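Observations on the three-dimensional arrangement
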Amino acid sequence: MVSRRPMAFALTGIAAATLLASCGDSAGDEAVETAEVEEAGEPDAIAQRQELLEGMGDAFTVIREQLEGDGDIEAITAAANTINANAALFIDHFPEGTSMSSGADTEALDTIWEDPEGFAAAHQRLLDESAKMVEAVGTGDLEVIGAQVMPLGMSCGNCHDTFRYDDEA
Ligand code: HEC
């Protein structure tokens with residue numbers, strides 16, 4: 001291999017031309033890098049939103065179980081706060097390209113990106129109802145809390161109906 005070096009030097013002109021040609025491709029290289037970064041970011045976004053949604057689901061179960069059982073106001077308070085906090089956060093984890101049709105392990109439908117206003121409105125309804133749940137919990141009155149379970153639950157279903165693929169339906 002070493003014996004070829006002088007020849008390589010002799011071909012400097014051609015090498016320079018090749019180098020220039022490959023410089024023209026650098027935009028393409030960047031595009032590939034960006035695509036790789038986005039690909040690496042996708043599972044993260046999906047995992048993050050699913051974890052937050054899962055936490056909301058578990059917290060909602062706690063509220064319903066407590067209302068049927070012990071009525072532990074501390075447990076209910078913690079759960080209502082979790083729903084309220086996660087509701088504000090999960091919405092930030094829906095980058096383009098992370099719908100179900102991308103082949104990723106997600107139930108997020110394309111409608112999220114096709115109808116961003118509708119998705120935002122469904123999210124706002126959740127924020128309103130979860131804030132009302134926190135208020136209801138503040139009264140310490142189990143009946144007042146119980147009365148807010150249905151409106152809050154309907155705000156979940158309202159979004160799922162249009163924006164989440166439902167296996168069970
Ligand atoms: C603004 C729309 C929206 C609202 C409001 C909403 N969700 Fe969802 N939810 C989604 C979407 C989209 C998915 C699918 C996410 C995915 O698979 O990447 C989902 C998935 C879930 C999951 C499954 C998460 C997983 O691990 O795959 C649970 C549990 C859940 N939601 C609970 C709730 C509860 C409880 C509420 C109400 C307190 C609620 N969601 C309100 C959009 C919403």
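Residues numbered from 1 in each chain as written. Predicted model: local features only at pLDDT ≥ 70, side-chain atom pairs only at ≥ 80, totals over all residues. Heavy atoms only, no water.

**Structural notes on the pattern of salt bridges**
One pass over the full model with this rule turns up two salt bridges. Residue Arg 164 is joined to Glu 107 by a salt bridge in which the shortest nitrogen-to-oxygen separation is 2.6 Å. Of the two residues, Arg 164 sits in the segment after α7 (142–163) while Glu 107 sits in the loop between α4 (73–90) and α5 (111–114), which places them 57 residues apart along the sequence. Among the ionic pairs, Glu 129 bridges to Lys 132, the shortest N-O distance being 3.8 Å. Of this pair, Glu 129 and Lys 132 are both found in helix α6 (residues 116–139), three residues apart, which corresponds to roughly one turn of the helix. Given the relative accessible area of 12%, Glu 129 is considered buried. Looking at Lys 132, the relative accessible area reads 42%, which means it is partly exposed. (Salt bridge = Lys/Arg side-chain N within 4 Å of Asp/Glu carboxyl O. Helix = DSSP H or I, 4+ residues; strand = E, 2+ residues; numbered from the N terminus. Buried < 20%, exposed > 50% of the residue type's maximum accessible area, 1.4 Å probe, protein only.)

**As for the side chain of Asn 86**
Along the chain, the position of Asn 86 falls in helix α4. Discounting chain neighbours no more than four positions away, the residues touching Asn 86 are Leu 52, Gly 55 and Met 56. (Contact = heavy atoms within 4.5 Å.)

**Comments concerning the environment of Glu 143**
Mapped onto the secondary structure, Glu 143 falls in helix α7. The class for Glu 143 is exposed, based on a relative accessible area of 70%.

**Side note on the coordination of the iron atom of the ligand**
Protein coordination of the iron atom of the ligand is limited to a single donor, His 160 (NE2), positioned at 2.0 Å. Its location among the elements puts His 160 in helix α7. (Donors = N, O, S within 2.8 Å, 3.2 Å for Na, K, Ca; no water.)

**Focus on the environment of Leu 89**
By the element assignment, Leu 89 lies in helix α4. Judged by relative accessible area, which is 44%, Leu 89 ranks as partly exposed. Distance in space between the C-alpha atoms of Leu 89 and Leu 52 is 7.4 Å, their sequence separation being 37 residues.

**Things to note about the nonpolar core**
Ranked by internal contacts, the top residues of the largest apolar core, which has 25 residues, are Ile 63, Ile 83, Met 133 and Ile 145. Contributing elements (two or more residues each) for this core: α3 (26–68), α4, α6 and α7. Beyond its immediate stretch of four places on either side in the chain, Ile 145 contacts Ile 63, Leu 67, Ile 73, Ile 76, Met 133, Ala 136 and Val 137. (Core = buried A, V, L, I, M, F, W, Y, C linked by side-chain atoms within 4.5 Å.)

**A look at the packing of α6 against α7**
Contact geometry for α6 and α7: axes closest at 9 Å, N-to-C directions at 165°. Accordingly, the angle class assigned to the pair α6 and α7 is roughly antiparallel. Here α6 and α7 pass one another in a crossing that is left-handed. Where α6 approaches α7, its residues Gly 118, Phe 119, Ala 122, Arg 125, Leu 126, Glu 129, Ser 130, Lys 132, Met 133, Ala 136, Val 137 and Thr 139 are matched on the opposing element by Val 144, Ile 145, Gln 148, Val 149, Pro 151, Leu 152, Met 154, Ser 155, Asn 158, Cys 159 and Phe 163. Residue classes in the contact of α6 with α7 are distributed as 14 nonpolar, six polar and three charged. (Axes fitted to C-alpha atoms, helices over the stretch in contact; angles between N-to-C directions. Parallel < 35°, antiparallel > 145°, perpendicular 65-115°, else oblique. Left-handed = near helix turned anticlockwise from the far one by under 90°. Nonpolar A, V, L, I, M, F, W, Y, C, P; charged D, E, K, R; others polar.)

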